[in-house]
Amino acid sequence: MDKGNSSAGGPGGDTDGERAVRRDEAVRAAVEQGLLGPGSPIVGLLDVTGIRESAAALRAAFDEVTAPGTPVLHAFAVKATPLVPVLRLLREEGIGAEVASPGELALARAAGLPPGRTVLDSPAKTPAELREALALGIAVNADNPQELDRIDGLMRSAASRSPIGIRVNPQVGAGAIEALSTATATSKFGVALRDEGAREWVVRAYAERPWLSRLHAHTGSQGVPLSLMAEGVAATYALAEEINRRIGRPQIDTIDIGGGLPVNFASDVTTPTYADYARVLKESVPGLFDGRYGLVTEFGRSLLAKHGTVVARVEYAKSAGGRPVAVTHAGVQVATRTVYAPGAWPLRIAAYDGKGRPKEGPEVVQDVAGPACFAGDLLAQAYPLPLLEQGDYAAALDTGAYYFAHHYAYNSLTRPGIYGFAPDGAGGTDFATVRETQTVEEIVAESGGAHAAALTTLRTPGRR
Ligand SMILES: *Cc1c(COP(=O)(O)O)cnc(C)c1O
(Lines give C-alpha, C1' and ligand atoms only; values in the text may rest on other atoms or scores of the structure.)
Protein backbone atom coordinates (compact mmCIF):
# COMPACT_ATOMS: atom_id res chain seq x y z
CA MET A 1 0.00 0.00 0.00
CA ASP A 2 1.27 3.43 -0.93
CA LYS A 3 1.11 5.29 2.37
CA GLY A 4 2.60 8.44 0.96
CA ASN A 5 -0.24 9.09 -1.37
CA SER A 6 -2.71 10.85 0.85
CA SER A 7 -0.05 13.36 1.80
CA ALA A 8 1.07 13.71 -1.82
CA GLY A 9 -2.61 14.18 -2.32
CA GLY A 10 -3.25 14.39 -6.04
CA PRO A 11 -6.76 13.70 -7.21
CA GLY A 12 -7.04 10.04 -8.05
CA GLY A 13 -4.42 9.11 -5.42
CA ASP A 14 -4.46 5.35 -4.78
CA THR A 15 -5.01 5.85 -1.08
CA ASP A 16 -8.40 7.44 -1.71
CA GLY A 17 -9.43 4.70 -4.14
CA GLU A 18 -8.34 1.95 -1.77
CA ARG A 19 -10.36 3.53 0.99
CA ALA A 20 -13.51 3.34 -1.15
CA VAL A 21 -12.80 -0.34 -1.90
CA ARG A 22 -12.32 -1.09 1.82
CA ARG A 23 -15.59 0.67 2.61
CA ASP A 24 -17.60 -1.38 0.10
CA GLU A 25 -16.00 -4.55 1.42
CA ALA A 26 -16.78 -3.56 5.01
CA VAL A 27 -20.47 -2.96 4.24
CA ARG A 28 -20.72 -6.37 2.59
CA ALA A 29 -18.92 -8.06 5.49
CA ALA A 30 -21.07 -6.24 8.08
CA VAL A 31 -24.22 -7.68 6.49
CA GLU A 32 -22.65 -11.12 6.07
CA GLN A 33 -21.45 -11.21 9.69
CA GLY A 34 -24.80 -9.99 11.04
CA LEU A 35 -23.67 -6.60 12.38
CA LEU A 36 -26.24 -5.12 10.03
CA GLY A 37 -29.62 -6.68 9.40
CA PRO A 38 -33.32 -6.49 10.21
CA GLY A 39 -32.60 -6.62 13.96
CA SER A 40 -29.73 -4.11 13.89
CA PRO A 41 -30.74 -1.73 11.15
CA ILE A 42 -28.04 0.95 11.62
CA VAL A 43 -24.31 0.91 12.40
CA GLY A 44 -21.40 3.31 12.30
CA LEU A 45 -18.23 1.93 10.69
CA LEU A 46 -14.69 3.27 11.15
CA ASP A 47 -11.83 2.46 8.77
CA VAL A 48 -8.81 1.78 10.99
CA THR A 49 -6.42 1.63 8.04
CA GLY A 50 -7.62 5.02 6.80
CA ILE A 51 -7.35 6.65 10.23
CA ARG A 52 -3.76 5.42 10.53
CA GLU A 53 -2.98 6.75 7.05
CA SER A 54 -4.36 10.20 7.84
CA ALA A 55 -2.37 10.36 11.08
CA ALA A 56 0.78 9.39 9.16
CA ALA A 57 0.03 12.00 6.48
CA LEU A 58 -0.38 14.69 9.15
CA ARG A 59 2.94 13.81 10.80
CA ALA A 60 4.74 13.63 7.46
CA ALA A 61 3.34 16.98 6.25
CA PHE A 62 4.72 18.90 9.24
CA ASP A 63 7.96 16.89 9.37
CA GLU A 64 8.50 18.05 5.81
CA VAL A 65 8.30 21.78 6.61
CA THR A 66 9.77 22.05 10.14
CA ALA A 67 13.44 22.40 11.02
CA PRO A 68 14.95 19.13 12.32
CA GLY A 69 14.33 18.69 16.04
CA THR A 70 11.33 21.06 16.21
CA PRO A 71 8.90 19.78 18.86
CA VAL A 72 5.51 19.24 17.21
CA LEU A 73 2.45 18.00 19.06
CA HIS A 74 -0.52 17.04 16.92
CA ALA A 75 -3.43 17.11 19.38
CA PHE A 76 -6.62 15.57 17.94
CA ALA A 77 -9.68 17.74 18.67
CA VAL A 78 -11.61 15.19 20.72
CA LYS A 79 -14.93 16.88 19.96
CA ALA A 80 -14.67 15.65 16.35
CA THR A 81 -14.92 11.96 17.34
CA PRO A 82 -15.27 11.53 21.10
CA LEU A 83 -14.67 7.79 21.28
CA VAL A 84 -12.06 6.28 23.59
CA PRO A 85 -10.87 3.56 21.15
CA VAL A 86 -10.34 6.22 18.47
CA LEU A 87 -8.23 8.29 20.87
CA ARG A 88 -6.21 5.18 21.76
CA LEU A 89 -5.64 4.34 18.08
CA LEU A 90 -4.48 7.91 17.46
CA ARG A 91 -2.24 7.75 20.53
CA GLU A 92 -0.56 4.72 18.97
CA GLU A 93 -0.06 6.87 15.85
CA GLY A 94 1.69 9.58 17.87
CA ILE A 95 -1.31 11.92 18.09
CA GLY A 96 -2.29 13.68 21.35
CA ALA A 97 -5.61 15.21 22.38
CA GLU A 98 -7.19 18.65 22.45
CA VAL A 99 -10.03 18.65 24.99
CA ALA A 100 -12.65 21.26 25.77
CA SER A 101 -14.73 19.89 28.63
CA PRO A 102 -14.39 17.64 31.70
CA GLY A 103 -15.99 14.85 29.64
CA GLU A 104 -13.48 15.14 26.82
CA LEU A 105 -10.61 15.24 29.30
CA ALA A 106 -11.96 12.08 30.93
CA LEU A 107 -12.13 10.37 27.50
CA ALA A 108 -8.53 11.33 26.75
CA ARG A 109 -7.39 10.00 30.12
CA ALA A 110 -9.39 6.80 29.64
CA ALA A 111 -7.54 6.34 26.33
CA GLY A 112 -4.24 6.65 28.21
CA LEU A 113 -3.14 10.00 26.85
CA PRO A 114 -0.48 11.52 29.08
CA PRO A 115 -0.89 15.11 30.34
CA GLY A 116 2.10 16.17 28.25
CA ARG A 117 0.18 15.28 25.08
CA THR A 118 -3.08 16.91 26.14
CA VAL A 119 -4.23 20.50 25.57
CA LEU A 120 -7.25 22.10 27.28
CA ASP A 121 -9.12 24.79 25.36
CA SER A 122 -12.67 25.86 26.03
CA PRO A 123 -14.42 29.15 26.48
CA ALA A 124 -16.08 28.27 29.81
CA LYS A 125 -13.58 26.52 32.07
CA THR A 126 -14.66 26.41 35.70
CA PRO A 127 -12.20 26.98 38.57
CA ALA A 128 -12.34 23.24 39.30
CA GLU A 129 -11.45 22.35 35.71
CA LEU A 130 -8.55 24.78 35.69
CA ARG A 131 -7.29 23.45 39.02
CA GLU A 132 -7.41 19.86 37.78
CA ALA A 133 -5.63 20.72 34.52
CA LEU A 134 -2.86 22.61 36.31
CA ALA A 135 -2.48 19.83 38.87
CA LEU A 136 -2.15 17.24 36.09
CA GLY A 137 0.28 19.37 34.06
CA ILE A 138 -2.01 19.62 31.02
CA ALA A 139 -1.42 22.54 28.66
CA VAL A 140 -4.05 25.24 29.06
CA ASN A 141 -4.97 28.09 26.75
CA ALA A 142 -6.68 30.92 28.61
CA ASP A 143 -9.63 32.28 26.66
CA ASN A 144 -9.98 35.73 28.22
CA PRO A 145 -8.71 38.12 30.93
CA GLN A 146 -11.07 36.79 33.60
CA GLU A 147 -9.81 33.28 33.03
CA LEU A 148 -6.22 34.47 33.20
CA ASP A 149 -7.07 36.04 36.60
CA ARG A 150 -8.23 32.65 37.83
CA ILE A 151 -5.06 31.01 36.55
CA ASP A 152 -3.00 33.71 38.33
CA GLY A 153 -4.65 32.74 41.60
CA LEU A 154 -4.04 29.02 41.04
CA MET A 155 -0.40 29.62 40.05
CA ARG A 156 0.13 31.57 43.28
CA SER A 157 -1.27 28.74 45.39
CA ALA A 158 0.57 25.80 43.76
CA ALA A 159 3.36 25.42 41.22
CA SER A 160 2.33 23.73 37.95
CA ARG A 161 4.16 22.10 35.08
CA SER A 162 1.39 23.07 32.68
CA PRO A 163 2.45 25.06 29.64
CA ILE A 164 0.06 28.00 29.59
CA GLY A 165 -0.93 30.26 26.72
CA ILE A 166 -3.56 32.77 25.72
CA ARG A 167 -6.02 32.19 22.90
CA VAL A 168 -6.31 35.13 20.57
CA ASN A 169 -8.80 35.82 17.81
CA PRO A 170 -6.93 37.44 14.93
CA GLN A 171 -10.31 38.58 13.51
CA VAL A 172 -9.29 37.76 9.95
CA GLY A 173 -12.90 37.08 8.93
CA ALA A 174 -15.46 34.36 8.30
CA GLY A 175 -15.49 31.34 6.02
CA ALA A 176 -18.49 29.91 4.17
CA ILE A 177 -20.23 28.62 7.32
CA GLU A 178 -20.89 31.39 9.82
CA ALA A 179 -21.54 29.03 12.75
CA LEU A 180 -18.07 27.51 12.36
CA SER A 181 -16.13 30.73 11.77
CA THR A 182 -14.12 31.50 14.90
CA ALA A 183 -12.16 34.50 13.62
CA THR A 184 -14.96 36.97 12.94
CA ALA A 185 -14.93 40.39 14.60
CA THR A 186 -17.45 39.30 17.23
CA SER A 187 -16.54 35.61 17.69
CA LYS A 188 -16.99 34.37 21.25
CA PHE A 189 -13.52 32.79 21.33
CA GLY A 190 -10.26 34.18 22.62
CA VAL A 191 -9.02 37.74 23.02
CA ALA A 192 -10.21 39.80 20.04
CA LEU A 193 -6.86 41.13 18.90
CA ARG A 194 -8.00 44.06 16.79
CA ASP A 195 -10.29 45.49 19.47
CA GLU A 196 -9.07 48.71 21.02
CA GLY A 197 -6.37 48.14 23.62
CA ALA A 198 -6.46 44.33 23.23
CA ARG A 199 -3.05 43.90 21.66
CA GLU A 200 -1.39 46.02 24.36
CA TRP A 201 -3.22 44.04 27.03
CA VAL A 202 -1.90 40.77 25.58
CA VAL A 203 1.68 42.03 25.41
CA ARG A 204 1.50 43.26 29.01
CA ALA A 205 -0.07 39.97 30.15
CA TYR A 206 3.00 38.10 28.89
CA ALA A 207 5.48 40.67 30.22
CA GLU A 208 3.97 40.34 33.70
CA ARG A 209 3.84 36.52 33.67
CA PRO A 210 7.10 34.74 32.84
CA TRP A 211 5.21 31.43 32.92
CA LEU A 212 3.08 32.32 29.89
CA SER A 213 4.92 30.42 27.17
CA ARG A 214 2.39 29.67 24.45
CA LEU A 215 0.16 31.54 22.05
CA HIS A 216 -2.96 29.96 20.55
CA ALA A 217 -5.40 30.69 17.74
CA HIS A 218 -7.93 28.49 15.93
CA THR A 219 -9.31 30.48 13.05
CA GLY A 220 -12.15 28.30 11.89
CA SER A 221 -13.33 24.91 10.78
CA GLN A 222 -15.14 23.58 7.72
CA GLY A 223 -15.70 26.34 5.18
CA VAL A 224 -12.62 28.46 5.92
CA PRO A 225 -10.25 28.58 2.91
CA LEU A 226 -6.54 27.73 3.40
CA SER A 227 -5.49 31.28 2.58
CA LEU A 228 -7.66 32.70 5.39
CA MET A 229 -6.42 30.03 7.82
CA ALA A 230 -2.85 30.96 6.91
CA GLU A 231 -3.67 34.64 7.47
CA GLY A 232 -4.83 33.78 11.00
CA VAL A 233 -1.64 31.81 11.68
CA ALA A 234 0.49 34.63 10.25
CA ALA A 235 -1.20 37.16 12.54
CA THR A 236 -0.63 34.89 15.54
CA TYR A 237 3.03 34.40 14.63
CA ALA A 238 3.51 38.16 14.18
CA LEU A 239 2.08 38.72 17.66
CA ALA A 240 4.41 36.12 19.20
CA GLU A 241 7.36 37.82 17.51
CA GLU A 242 6.24 41.22 18.82
CA ILE A 243 5.77 39.91 22.37
CA ASN A 244 9.18 38.21 22.45
CA ARG A 245 10.87 41.29 20.97
CA ARG A 246 9.27 43.64 23.46
CA ILE A 247 10.03 41.39 26.43
CA GLY A 248 13.55 40.95 25.12
CA ARG A 249 13.69 37.15 25.27
CA PRO A 250 11.94 34.20 23.59
CA GLN A 251 9.34 33.73 26.32
CA ILE A 252 6.77 32.34 23.88
CA ASP A 253 8.35 29.07 22.84
CA THR A 254 5.34 27.31 21.30
CA ILE A 255 2.62 28.41 18.91
CA ASP A 256 -0.64 26.45 18.81
CA ILE A 257 -2.14 26.94 15.35
CA GLY A 258 -5.43 25.13 16.03
CA GLY A 259 -7.12 22.83 13.53
CA GLY A 260 -9.77 23.46 10.93
CA LEU A 261 -8.47 21.87 7.73
CA PRO A 262 -11.62 21.59 5.58
CA VAL A 263 -12.84 18.23 4.31
CA ASN A 264 -14.05 17.47 0.79
CA PHE A 265 -17.54 15.99 1.19
CA ALA A 266 -18.16 15.90 -2.58
CA SER A 267 -16.05 12.89 -3.57
CA ASP A 268 -13.59 10.31 -2.23
CA VAL A 269 -10.64 12.58 -2.98
CA THR A 270 -8.77 13.92 0.05
CA THR A 271 -8.42 17.63 -0.69
CA PRO A 272 -6.95 19.84 0.57
CA THR A 273 -4.29 17.61 2.13
CA TYR A 274 -2.19 18.24 5.22
CA ALA A 275 0.76 18.62 2.85
CA ASP A 276 -1.10 21.34 0.93
CA TYR A 277 -1.77 23.25 4.15
CA ALA A 278 1.76 22.82 5.49
CA ARG A 279 3.13 24.15 2.18
CA VAL A 280 0.81 27.18 2.26
CA LEU A 281 1.85 27.90 5.85
CA LYS A 282 5.55 27.51 5.09
CA GLU A 283 5.22 29.96 2.19
CA SER A 284 3.23 32.56 4.09
CA VAL A 285 4.84 32.21 7.54
CA PRO A 286 8.37 30.82 7.00
CA GLY A 287 9.61 32.01 10.41
CA LEU A 288 7.15 29.70 12.15
CA PHE A 289 9.11 26.69 10.93
CA ASP A 290 12.73 27.75 11.43
CA GLY A 291 13.08 25.92 14.74
CA ARG A 292 12.57 28.83 17.15
CA TYR A 293 9.04 27.74 18.00
CA GLY A 294 7.56 24.42 18.95
CA LEU A 295 4.22 23.74 17.28
CA VAL A 296 0.88 22.40 18.41
CA THR A 297 -1.88 21.53 15.94
CA GLU A 298 -5.49 20.64 16.77
CA PHE A 299 -7.02 18.96 13.73
CA GLY A 300 -10.30 17.13 14.17
CA ARG A 301 -12.57 16.70 11.15
CA SER A 302 -9.75 16.20 8.65
CA LEU A 303 -8.31 13.24 10.63
CA LEU A 304 -11.54 11.26 10.91
CA ALA A 305 -14.31 12.43 8.56
CA LYS A 306 -13.43 10.33 5.53
CA HIS A 307 -12.96 7.19 7.59
CA GLY A 308 -16.49 6.89 8.92
CA THR A 309 -19.63 5.54 7.26
CA VAL A 310 -23.07 5.20 8.73
CA VAL A 311 -25.06 2.40 7.10
CA ALA A 312 -28.79 2.03 7.55
CA ARG A 313 -31.36 -0.46 6.34
CA VAL A 314 -34.20 0.68 4.12
CA GLU A 315 -37.23 -0.25 6.22
CA TYR A 316 -39.76 0.87 3.61
CA ALA A 317 -39.58 2.19 0.08
CA LYS A 318 -42.52 4.36 -0.89
CA SER A 319 -43.48 7.15 -3.21
CA ALA A 320 -44.97 10.58 -2.55
CA GLY A 321 -45.96 13.18 -5.10
CA GLY A 322 -44.24 11.12 -7.75
CA ARG A 323 -40.92 11.01 -5.87
CA PRO A 324 -39.53 7.76 -4.47
CA VAL A 325 -38.73 7.96 -0.75
CA ALA A 326 -36.52 5.42 1.01
CA VAL A 327 -37.34 5.39 4.73
CA THR A 328 -34.13 4.34 6.48
CA HIS A 329 -32.89 4.18 10.07
CA ALA A 330 -30.36 7.01 9.68
CA GLY A 331 -31.60 10.54 10.08
CA VAL A 332 -31.35 13.44 12.46
CA GLN A 333 -30.02 11.30 15.33
CA VAL A 334 -26.76 10.58 13.47
CA ALA A 335 -26.60 13.40 10.92
CA THR A 336 -27.93 16.33 12.91
CA ARG A 337 -26.13 19.09 11.04
CA THR A 338 -27.09 17.74 7.63
CA VAL A 339 -30.76 17.39 8.55
CA TYR A 340 -31.07 20.85 10.10
CA ALA A 341 -28.75 22.68 7.67
CA PRO A 342 -28.75 20.61 4.47
CA GLY A 343 -27.39 23.46 2.38
CA ALA A 344 -24.23 23.82 4.46
CA TRP A 345 -23.71 20.10 5.14
CA PRO A 346 -24.65 17.95 2.13
CA LEU A 347 -23.61 14.31 2.46
CA ARG A 348 -22.89 11.75 -0.23
CA ILE A 349 -25.15 8.72 -0.08
CA ALA A 350 -24.22 5.29 -1.45
CA ALA A 351 -26.73 2.52 -2.20
CA TYR A 352 -26.13 -1.14 -1.32
CA ASP A 353 -28.41 -4.11 -1.91
CA GLY A 354 -29.75 -6.43 0.78
CA LYS A 355 -26.49 -8.41 0.76
CA GLY A 356 -24.42 -5.25 1.22
CA ARG A 357 -23.18 -5.16 -2.37
CA PRO A 358 -22.99 -1.84 -4.24
CA LYS A 359 -26.39 -1.44 -5.85
CA GLU A 360 -26.45 -1.39 -9.65
CA GLY A 361 -29.01 0.13 -11.93
CA PRO A 362 -30.03 3.44 -13.46
CA GLU A 363 -29.99 6.45 -11.19
CA VAL A 364 -33.36 7.62 -9.96
CA VAL A 365 -33.93 10.92 -8.18
CA GLN A 366 -35.19 10.04 -4.70
CA ASP A 367 -35.31 11.18 -1.10
CA VAL A 368 -33.39 9.27 1.55
CA ALA A 369 -35.30 9.76 4.79
CA GLY A 370 -34.58 9.03 8.42
CA PRO A 371 -36.74 7.43 11.13
CA ALA A 372 -37.59 10.57 13.12
CA CYS A 373 -41.09 12.02 13.25
CA PHE A 374 -40.71 15.30 11.46
CA ALA A 375 -40.86 16.01 7.76
CA GLY A 376 -37.38 17.50 7.49
CA ASP A 377 -35.68 14.31 8.68
CA LEU A 378 -33.93 13.64 5.37
CA LEU A 379 -30.35 12.48 4.80
CA ALA A 380 -30.63 13.64 1.21
CA GLN A 381 -33.30 15.23 -0.92
CA ALA A 382 -33.83 14.68 -4.65
CA TYR A 383 -30.65 12.62 -4.75
CA PRO A 384 -29.77 10.49 -7.81
CA LEU A 385 -29.08 6.87 -6.84
CA PRO A 386 -29.99 3.40 -8.05
CA LEU A 387 -33.53 2.99 -6.74
CA LEU A 388 -33.45 1.97 -3.08
CA GLU A 389 -35.86 -0.86 -2.26
CA GLN A 390 -37.07 -2.41 0.96
CA GLY A 391 -34.23 -4.36 2.62
CA ASP A 392 -31.47 -2.45 0.81
CA TYR A 393 -28.96 -0.30 2.67
CA ALA A 394 -28.16 3.40 2.35
CA ALA A 395 -24.78 4.65 3.53
CA ALA A 396 -23.93 8.24 4.46
CA LEU A 397 -20.27 8.71 3.55
CA ASP A 398 -17.55 10.83 5.20
CA THR A 399 -19.35 10.71 8.53
CA GLY A 400 -16.39 9.81 10.77
CA ALA A 401 -16.34 13.22 12.47
CA TYR A 402 -19.22 15.21 13.98
CA TYR A 403 -21.85 12.70 12.79
CA PHE A 404 -22.63 9.27 14.24
CA ALA A 405 -20.36 9.79 17.23
CA HIS A 406 -22.53 12.83 18.08
CA HIS A 407 -25.83 11.19 18.82
CA TYR A 408 -28.87 13.44 19.10
CA ALA A 409 -31.57 11.83 21.19
CA TYR A 410 -34.61 12.90 19.13
CA ASN A 411 -37.52 10.44 19.40
CA SER A 412 -35.45 8.50 21.95
CA LEU A 413 -33.75 6.73 19.06
CA THR A 414 -30.99 4.44 20.32
CA ARG A 415 -27.33 5.26 19.74
CA PRO A 416 -26.13 2.90 17.01
CA GLY A 417 -23.26 0.51 17.60
CA ILE A 418 -19.92 1.59 16.15
CA TYR A 419 -17.42 -0.89 14.76
CA GLY A 420 -13.88 -0.42 13.54
CA PHE A 421 -12.82 -2.50 10.55
CA ALA A 422 -9.67 -3.58 8.77
CA PRO A 423 -8.86 -6.13 6.07
CA ASP A 424 -8.15 -9.53 7.65
CA GLY A 425 -5.32 -10.33 5.25
CA ALA A 426 -7.26 -13.22 3.66
CA GLY A 427 -9.64 -11.21 1.49
CA GLY A 428 -12.17 -10.57 4.28
CA THR A 429 -12.80 -7.88 6.86
CA ASP A 430 -12.33 -8.00 10.64
CA PHE A 431 -14.47 -5.88 12.97
CA ALA A 432 -13.87 -4.61 16.50
CA THR A 433 -16.53 -3.07 18.73
CA VAL A 434 -15.93 0.62 19.43
CA ARG A 435 -19.27 1.32 21.09
CA GLU A 436 -22.18 -1.05 21.77
CA THR A 437 -25.65 -0.33 20.46
CA GLN A 438 -27.56 1.51 23.16
CA THR A 439 -30.39 -0.52 24.72
CA VAL A 440 -33.89 0.76 25.42
CA GLU A 441 -33.26 0.00 29.10
CA GLU A 442 -30.37 2.47 28.98
CA ILE A 443 -32.64 5.04 27.38
CA VAL A 444 -35.17 4.64 30.19
CA ALA A 445 -32.40 4.97 32.78
CA GLU A 446 -31.02 8.10 31.11
CA SER A 447 -34.50 9.56 30.87
CA GLY A 448 -35.28 9.67 34.57
CA GLY A 449 -36.44 6.06 34.88
CA ALA A 450 -35.19 5.96 38.48
CA HIS A 451 -37.30 9.02 39.32
CA ALA A 452 -40.58 7.99 37.68
CA ALA A 453 -42.81 9.40 40.48
CA ALA A 454 -40.64 12.43 41.22
CA LEU A 455 -42.92 15.10 39.82
CA THR A 456 -46.08 13.72 41.40
CA THR A 457 -44.55 14.24 44.86
CA LEU A 458 -44.41 18.02 44.43
CA ARG A 459 -47.64 19.68 45.57
CA THR A 460 -48.56 23.29 44.98
CA PRO A 461 -49.77 24.73 48.33
CA GLY A 462 -53.55 25.19 48.40
CA ARG A 463 -54.18 22.78 45.50
CA ARG A 464 -54.89 19.10 45.70
C1 LIG B 1 -13.24 22.50 16.96
C2 LIG B 1 -11.85 22.91 17.31
C3 LIG B 1 -10.77 22.30 16.67
C4 LIG B 1 -10.93 21.29 15.56
O5 LIG B 1 -11.52 21.80 14.41
P6 LIG B 1 -11.66 20.88 13.11
O7 LIG B 1 -12.39 21.74 12.15
O8 LIG B 1 -12.43 19.67 13.50
O9 LIG B 1 -10.28 20.54 12.66
C10 LIG B 1 -9.50 22.67 17.06
N11 LIG B 1 -9.29 23.58 18.04
C12 LIG B 1 -10.32 24.20 18.68
C13 LIG B 1 -10.03 25.17 19.74
C14 LIG B 1 -11.63 23.88 18.32
O15 LIG B 1 -12.63 24.49 18.93
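Note that this is a predicted model, so its numbers are computed, not measured.

Engineer: Just give me the short version of the overall build of the chain, but keep the residues and values in it.
Structural biologist: Counting its regular elements, the chain contains 13 helices and 18 strands. Principal axes of the C-alpha set define a box for the chain whose edges measure 75 × 70 × 40 Å. Considering only contacts within the chain whose residues lie at least 6 apart along the sequence, 69% involve residues at least 24 apart. With the model as given, the accessible surface of the chain reaches about 19,700 Å², and the carbon-plus-sulfur share is 54%. Placing the 45 positive and 52 negative side-chain charges of the chain at their respective mean positions leaves the two points 6 Å apart.

Engineer: Go over the site of the ligand, please, and point to the residues and values.
Structural biologist: Neighbouring the ligand are 14 residues, the closest being Lys-79, Ser-221, Gly-260, Glu-298 and Tyr-402. Within the side chain of Ser-221, one N or O atom sits 2.7 Å away from an oxygen atom of the ligand. Gly-260 places a polar main-chain atom, nitrogen or oxygen, 2.8 Å from an oxygen atom of the ligand. In isolation the ligand offers 390 Å² of accessible surface; the protein chains occlude 95% of this area.

Engineer: I'd like to hear about the packing of aromatic side chains, residue by residue, with values.
Structural biologist: Applying the stated criterion across every chain, the model contains 10 aromatic pairs. Here a set of aromatic residues connected by ring pairs shows up, and it is made of Phe-62, Tyr-274, Tyr-277 and Phe-299.

Engineer: Outline the nonpolar core, listing residues and values.
Structural biologist: Grouped together as the largest cluster of nonpolar side chains are 109 residues, with contacts concentrated most on Leu-46, Phe-62, Val-168, Leu-288, Leu-304 and Ile-349. In terms of residue count, the dominant contributor to this core is helix α9 (residues 226–247) (9 residues). Among the nonpolar cores identified, the runner-up in size contains 16 residues, and Val-31, Leu-36, Ala-350 and Ala-395 belong to it.

What counts as what
- Residues numbered from 1 in each chain as written.
- Predicted model: local features only at pLDDT ≥ 70, side-chain atom pairs only at ≥ 80, totals over all residues.
- Heavy atoms only, no water.
- Helix = DSSP H or I, 4+ residues; strand = E, 2+ residues; numbered from the N terminus.
- Contact = heavy atoms within 4.5 Å.
- Areas by Shrake-Rupley, 256 points an atom, 1.4 Å probe, with all protein chains shown as cover.
- Lys, Arg positive; Asp, Glu negative; His and termini not counted.
- Charge placed at Lys NZ, Arg CZ, Asp CG, Glu CD.
- Near = heavy atom within 4 Å.
- Polar contact = N/O pair within 3.5 Å; in protein donor to acceptor, adjacent residues only side chain to side chain.
- Phe/Tyr/Trp six-rings, centres within 6.5 Å; stacked < 30°, edge-to-face > 60°.
- Core = buried A, V, L, I, M, F, W, Y, C linked by side-chain atoms within 4.5 Å.
- Buried < 20%, exposed > 50% of the residue type's maximum accessible area, 1.4 Å probe, protein only.

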